[in-house]
Amino acid sequence: EDQVTQSPEALRLQEGESSSLNCSYTVSGLRGLFWYRQDPGKGPEFLFTLYSAGEEKEKERLKATLTKKESFLHITAPKPEDSATYLCAVRAGGTSYGKLTFGQGTILTVHP
Amino acid sequence: SQTIHQWPATLVQPVGSPLSLECTVEGTSNPNLYWYRQAAGRGLQLLFYSIGIDQISSEVPQNLSASRPQDRQFILSSKKLLLSDSGFYLCAWSRFRDGSGNTIYFGEGSWLTVV
């Protein structure tokens, strides 16, 4: 069974204090690893898709990396507006269309 | 550009009452459509997906049903709501049908409280 575990569950940072969120996964034939940002009461907003180990993608202060067993979302010099829940999800080979397996998320709070 | 609309945004329904949540996608044709539920623990669970009109698959047995009467319209329904149906319901779409690592885009969600 596909599994996604995110850590930590919650992370508090001071503005400008860089850190990383972890997403560990077990999946049969990875067909994509997805990162989303979710603000309270809103739907998840797509950030990145990674397909193979060694791949990296960046967007503003965020950088996502992928290995064969985990992905990291690095946040450089975060600002209060980066506060949100960050969700990781995987799609396995041979799964039904759109069947993403999600982790529980990491709640990030950035204090000014 | 593509947009996804979902309504109502919030609703409070008594136990045993019916439910209808609607979702439409604009700016694309033949999308894959999905209904997810997000419970208090924050995890997202896939409820239904559809690759075409009247082609709907259910991922989990439950008190809910889905219909796709038009290419870009997806409806989540229940005849009699249970307390356990409370949660945050998300409609989503993706562009391709080949099952590859294509991206899923979510709507703004509907908060359902069953009382």
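Which parts of the structure should I look at to understand the overall build of chain B?
Counting its secondary structure elements, chain B contains 0 helices and 11 strands. In chain B, the succession of helices and strands from N to C terminus is β-β-β-β-β-β-β-β-β-β-β. A separation of at least 24 residues holds for 55% of the contacts in chain B among residues at least 6 apart in sequence. By element, 54% of the accessible surface of chain B is carried by carbon and sulfur atoms, the whole surface being about 5200 Å².

How do you make sense of the sheet that holds strand β3 (residues 19-26) of chain B when you look at a structure like this?
Strand pairing within a sheet occurs via backbone hydrogen bonds; the two strands may be parallel or antiparallel. Residue and element names in this part refer to chain B. One open sheet accounts for 4 strands, arranged β1-β3-β8-β7; its pairing is antiparallel. Two strands bound the open sheet, and with one partner strand each, they are β1 (3-7) and β7 (65-70). Put simply, the sheet's adjacent strands are angled 20 degrees from each other on average, direction ignored. Pairing between β7 and strand β8 (residues 73-78): 4 bridges, direction antiparallel. Bridging across to β8, A66 finds its partner in L76.

Before we go on, may I ask you to explain the layout of surface pockets in this structure?
Empty space among the atoms can be located by rolling a probe the size of a water molecule over them. Estimates place the volume of the largest pocket at around 380 Å³. Taken together, 16 residues form the lining of the largest pocket, with E1, D2, L100, T101 and F102 of chain A sitting closest to its centre. Those elements that provide at least two residues to the lining of the largest pocket are β1 (3-7) and β10 (101-102) of chain A together with β5 (44-52) of chain B. At 3 residues, β5 of chain B tops the list of elements feeding residues into the lining of the largest pocket. For the lining of the largest pocket, the class distribution of residues is 6 nonpolar, 6 polar and 4 charged.

Is there a simple way to think about the nonpolar core in this case?
Nonpolar side chains tend toward joint burial in soluble globular proteins. Membership of the largest hydrophobic core comes to 24 residues, with the highest contact counts inside it found for L33, W35, L73 and Y86 of chain A. Put simply, the parts of the chain that give this core at least two residues each are β2 (10-14), β3 (19-26), β4 (30-38), β5 (45-50), β7 (62-66), β8 (70-75), β9 (84-92) and β11 (106-111) of chain A. Broken down by element, the residue count for this core peaks at 5 residues, all from β9 of chain A. V60, L64, F74 and W93 of chain B belong to the second largest nonpolar core, which has 21 residues in total.

Whenever I open this one, the interface of chain A and chain B confuses me. Can you help?
Often, the extent of an interface is quoted as the loss of accessible area on bringing the components together. Chain A puts 25 residues into the contact, and the matching count from chain B is 27 residues. Where chain A abuts chain B, roughly 2100 Å² becomes buried across the two surfaces, and 52% of that area is made up of carbon and sulfur atoms. Notably, a salt bridge pairs E108 of chain B with K42 of chain A, separated by 3.7 Å at the nearest N-O pair. At the junction of chain A and chain B, the tally comes to 5 residue pairs in polar contact (both at pLDDT 80 or more). Contributions of two or more residues to the side of chain A that touches chain B are made by β4, β5 and β9 of chain A.

What am I meant to see in the pairing of β3 of chain B here?
Every other side chain in a regular strand lies on the same face of the sheet, so the side chains alternate between the two faces. Residue and element names in this part refer to chain B. Strand direction decides the pairing type here: β1 and β3, joined by 5 bridges, are antiparallel. Across the sheet, I4 pairs through a bridge with V25, a residue of β3. Here β3 runs beside β8; their pairing, made up of 6 bridges, is antiparallel. If you follow L21 over to β8, its bridge partner there is L76.

Calculation notes
Residues take numbers from 1 onward in each chain, read along the sequence in its written order. Key to labels: chains lettered from A, ligands numbered from 1, both in the order written. In keeping with the predicted nature of the model, local features appear solely for residues at pLDDT of at least 70, side-chain atom pairs appear and are counted solely at 80 or more, and the whole-chain, interface and lining totals rest on all residues. Side-chain numbers come from the whole structure's heavy atoms, not from hydrogens or water. A run of H or I in DSSP counts as a helix once it spans at least four residues, and a run of E counts as a strand once it spans at least two, with each numbered from the N terminus. Whether two residues are in contact is decided by their heavy atoms: any pair within 4.5 Å suffices. In this description, accessible areas are obtained by the Shrake-Rupley approach with a 1.4 Å probe, and a residue is regarded as covered only by the protein chains that are shown. Between any two strands, pairing holds if DSSP finds at least two bridges. Fitted lines through C-alpha atoms give the axes, limited to the stretch in contact for helices. The angle between two N-to-C directions lies from 0 to 180 degrees. Any residue with an atom within 4 Å of a point lines the site, the site being either a cavity, points on a 1 Å grid over the protein atoms alone where a 1.4 Å probe fits but cannot get out, or a pocket, an open set with protein on both sides within 12 Å along at least 5 of 7 lines. Grid points are joined across faces, edges and corners, and a volume is the space filled by probe spheres set on the points. We call Asp, Glu, Lys and Arg charged. Ala, Val, Leu, Ile, Met, Phe, Trp, Tyr, Cys and Pro are nonpolar, and the rest, Gly among them, are polar. Nonpolar cores are built from buried Ala, Val, Leu, Ile, Met, Phe, Trp, Tyr and Cys residues. Side-chain atoms within 4.5 Å join them into one set. Burial here depends on accessible area, computed with a 1.4 Å probe over protein chains only, as a share of the maximum for the residue type. Under 20% is buried, over 50% is exposed, and the range in between is partly exposed. Summed over both partners, the accessible area lost on bringing two parts together, with a 1.4 Å probe, is the buried area. Any Lys or Arg side-chain nitrogen found within 4 Å of a carboxyl oxygen on Asp or Glu counts as a salt bridge. Residues adjacent in sequence count toward polar contacts only when both atoms are side-chain atoms; beyond that, a polar contact is any pair of N or O atoms within 3.5 Å, and within protein one must be able to donate a hydrogen and the other to accept it.

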